[in-house]
Amino acid sequence: MAKRYILALDQGTTSTRAMLVDADGRVAGIAQREFTQIYPQPGWVEHDPREVLASVQATVAELLTRMQVEPGDLAGIGIANQRETTVIWDRRTGQPIHNAIVWQSRQSVAICERLQADGCTPMVRAKTGLLIDAYFSASKIRWLLDHVEGAQSRAERGELLFGTMESWLVWNLTGGRLHVSDASNAARTLLYDIHRREWDDELLRLLNVPRAMLPRICPCSGHVGDTDPARFFGAAVPIGGLAGDQQAALFGQACFEPGMAKNTYGTGCFMLMHTGAQAVPSRHGLLTTIAWEIGGEVEYALEGSIFVAGAVVQWLRDGLRMLERAADSQALAESVASSDGVYLVPAFVGLGAPYWRSEVRGAMFGITRGTRREHVVRAALESMAYQSRDVLAAMEADAGIPLKELRADGGAIANDFLAQFQSDMLDVPLLRPKVQETTALGAAYLAGLALGFWESRTQVARLWQVERRFEPGMAEAERGRRYRGWQAAVQAACVFTPDRTPM
Ligand SMILES: Nc1ncnc2c1ncn2[C@@H]1O[C@H](COP(=O)(O)OP(=O)(O)O)[C@@H](O)[C@H]1O
Ligand SMILES: O=P(O)(O)OC[C@H](O)CO
């Protein structure tokens, strides 16, 4: 019987999703499971890699059982993952030496400050397209090798392996036979030269990371290997695609031409613009990153990484108890004509792109006796749109291409108020696709193209369909006035830094 589905795994920051995609690019079924967020100290975030792996196995088992699909019905597997999150494990036992250090975690800030003070930024930027920040994997690896007893010498003896989540998952799903990563994930480690496309000796020396612990780099779309039947429901299923989740979403949104961009509104917000075969350096606080490597060719993207977006709504719900459900934020925001001058700067873990100010903390401005919960909720939603405008302005300046339309996805863009306000604030149409699980979809496409499930990107691009198009409708003067208020709020938040001790 013909293989009916590609299984896509979206291993995200707060949950794992498994999804079956059919040949028409339709989602036949989906299963999702959250896992524990470990906060050992303020500003630190960790995951237990074994629990993450268990969440993958549980979601796949649930999905296959519910959909009455046999592993033999699967044409292949595509994996997209939370990026930068760092796992180190023992090659022989397969056991992690510590929890995974999550991308948001700030425990390696001091390591980054030393590198900055040593003047390493220009060299790092030129080779990796990144800047020195605890966000990326390298300082997390250094932190683990420093803090787990004996880790450095074990790594030097070749006993320990490093990987981001896709690497850890492939290692386990193949029964410890494959230690690989892909170019889009390697590009987020701060150890990979995105132009020469190899691990870089100067960067490895700088961070004293032994080469022996690094994975082999595979293409994002290509037959990496097969699952071990003993580890994967009794079947050897080909793994055909690996990509960082934001790059996978760019692919799932069919942004294949230079100048096409997507923005994902999840916990954080990640805007990526495809820049073709050219790695465009940023002069405005963005990252230059590999979008994907396919058939020996690399395509690049400019990225604006915003650390807090949908998480601000979670905070209103769980921290302040202003909302019962995240979705209630829409009706509340729409019940008032404006935020009444209130601005919320959600710098809970500092500011990412384009500011890169890890010491700044969140703030609210413009409060009066008349400020109500509705205004605060509206200001919170607006903050996602303002932060995205900051990033888009930088992107247009760097790429020299004005954006024609923005393809949007992620949990928070279900909010129509946010979608409309975003379109107004950017003065470009915002397109919400029918399939909003674009990350998993992108992983499925990358795998399916490699395994002959789909023929070409042209075919994939035709499968993309718009669910709703939001047209900009705000007058120029009004847009400018509101955005200037936001810029003033960010500036004021940056001034308030009473405690500069790194977390
Ligand atoms: N209707 C909504 N309006 C505003 N925010 C929302 C809405 N629904 C979900 N969110 C926010 O979106 C985020 C979840 O999106 P998701 O794409 O699942 O995130 P992630 O993949 O980062 O875990 C949460 O932070 C939540 O607060
Ligand atoms: O898992 P998400 O959707 O929060 O995305 C996380 C990013 O990959 C971090 O760089």
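Under an unreviewed UniProt entry, the protein has the name Glycerol kinase and belongs to Rhodanobacter hydrolyticus. In its Sequence similarities (unreviewed entry) section, UniProt records this for the protein: "Belongs to the FGGY kinase family." Quoted verbatim from the Function (unreviewed entry) heading of the UniProt record, the comment on the protein is "Key enzyme in the regulation of glycerol uptake and metabolism. Catalyzes the phosphorylation of glycerol to yield sn-glycerol 3-phosphate."

(A) Summary view of the site of ligand 1. Lining the immediate environment of ligand 1, one finds 16 residues, of which Thr14, Arg17, Thr267, Gly310 and Gly411 sit closest. Within the side chain of Thr14, an N or O atom sits 2.7 Å from an oxygen atom of ligand 1. Asn415 is positioned with one of its side-chain polar atoms (N or O) 3.1 Å from a nitrogen atom of ligand 1. Considering ligand 1 on its own, with 580 Å² of exposed area, one finds that the protein chains cover 80% of that surface. The element best represented in the shell around ligand 1 is helix 10 (residues 310–319), accounting for 4 residues. Considered class by class, the residues forming the shell around ligand 1 number 6 nonpolar, 9 polar and 1 charged.

(B) Broad picture of the packing of helix 12 (residues 373–399) against helix 16 (residues 476–495). For the pair helix 12 and helix 16, the least separation of the axes is 11 Å and the interaxial angle reads 95°. As far as their axial angle goes, helix 16 and helix 12 are roughly perpendicular. Contacts from Arg378, Glu382, Ser383, Tyr386, Gln387, Arg389 and Asp390 in helix 12 reach Arg479, Arg482, Tyr483 and Trp486 in helix 16. Classifying every residue of the contact of helix 12 with helix 16 by side-chain character gives 3 nonpolar, 2 polar and 6 charged.

(C) Representation of the pattern of salt bridges within the structure. Considering all chains together, one arrives at 40 salt bridges under this definition. Notably, a salt bridge pairs Glu303 with Arg188, separated by 3.0 Å at the nearest N-O pair. Note that Glu303 is positioned in strand 18 (residues 297–306) and Arg188 in the loop between helix 7 (183–186) and strand 10 (192–193), a separation of 115 residues in sequence. You'll find Glu303 and Arg188 in the same group, each marked buried. For Arg196, the salt bridge goes to Glu198, with nearest N and O atoms at 2.3 Å. Connected through shared salt-bridge partners, Lys127, Asp193, Arg196, Glu198, Asp200 and Glu202 make up one network.

(D) Quick peek at the environment of Val349. Turning to its location among the elements, Val349 is positioned in the loop between strand 19 (343–345) and strand 20 (363–365). In this structure, the C-alpha to C-alpha distance between Val349 and Glu297, residues 52 residues apart in sequence, is 36 Å.

(E) Spotlight on the nonpolar core. The biggest cluster of nonpolar side chains holds 142 residues, and the ones touching the most others in it are Ile88, Leu191, Met213, Tyr265, Met384 and Trp454. The element contributing the most residues to this core is helix 12, with 12 residues. Core analysis: the second largest hydrophobic core is formed by 36 residues, Ala31, Trp89, Leu161 and Met165 among them.

(F) Expanded view of the side chain of Ser221. As for its placement among the helices and strands, Ser221 is situated in strand 13 (residues 221–226). Polar side-chain contacts of Ser221 include one of 2.5 Å to the backbone oxygen of Leu446. Every residue in contact with Ser221, bar those within four places of it in the chain, is listed here: Gly240, Glu293, Ile294, Leu446, Leu449 and Ala450.

(G) Molecular detail of the site of ligand 2. Neighbouring ligand 2 are the residues Gly12, Thr13, Gln82, Arg83, Glu84, Trp103, Tyr135, Asp245, Gln246 and Phe270. At 2.7 Å from an oxygen atom of ligand 2 is found a side-chain nitrogen or oxygen belonging to Tyr135. Within the contact set of ligand 2, an oxygen atom lies 3.3 Å away from a side-chain nitrogen or oxygen of Gln246. Against a free-state accessible area of 310 Å², the protein chains account for coverage of 89% of ligand 2. Broken down by class, the residue content of the shell around ligand 2 amounts to 3 nonpolar, 4 polar and 3 charged.

(H) Up close: the side chain of Thr174. Within the secondary structure, Thr174 is located in the loop between helix 6 (165–173) and strand 9 (180–182). Here Thr174 is in contact with Asp226, Thr227, Asp228 and Ile239, once residues within four sequence places are set aside.

(I) Up close: the UniProt feature "binding site: ADP" (unreviewed entry) in the protein. UniProt's entry tags Thr13, Arg17, Thr267, Gly310, Gly411 and Asn415 with the feature "binding site: ADP" (unreviewed entry), counted in the numbering of this structure. By the element assignment, Thr13 lies in the loop between strand 1 (5–11) and strand 2 (15–21). Apart from residues no more than four positions distant in its own chain, Thr13 is found in contact with Phe35, Gln37, His47, Gln82, Val102, Trp103 and Gln104. Among the structural elements, Gly310 can be located in helix 10. Here Gly310 falls in the buried class, since its relative accessible area comes to 14%. Sequence-distant contacts of Gly310, that is, excluding residues within four places in its chain, are made with Gly266, Thr267 and Met384.

Criteria and thresholds
Residues numbered from 1 in each chain as written. Chains lettered and ligands numbered in written order. Predicted model: local features only at pLDDT ≥ 70, side-chain atom pairs only at ≥ 80, totals over all residues. Heavy atoms only, no water. UniProt positions renumbered as here; feature names shortened; annotations may be inferred. Near = heavy atom within 4 Å. Polar contact = N/O pair within 3.5 Å; in protein donor to acceptor, adjacent residues only side chain to side chain. Areas by Shrake-Rupley, 256 points an atom, 1.4 Å probe, with all protein chains shown as cover. Helix = DSSP H or I, 4+ residues; strand = E, 2+ residues; numbered from the N terminus. Nonpolar A, V, L, I, M, F, W, Y, C, P; charged D, E, K, R; others polar. Axes fitted to C-alpha atoms, helices over the stretch in contact; angles between N-to-C directions. Parallel < 35°, antiparallel > 145°, perpendicular 65-115°, else oblique. Contact = heavy atoms within 4.5 Å. Salt bridge = Lys/Arg side-chain N within 4 Å of Asp/Glu carboxyl O. Buried < 20%, exposed > 50% of the residue type's maximum accessible area, 1.4 Å probe, protein only. Core = buried A, V, L, I, M, F, W, Y, C linked by side-chain atoms within 4.5 Å.

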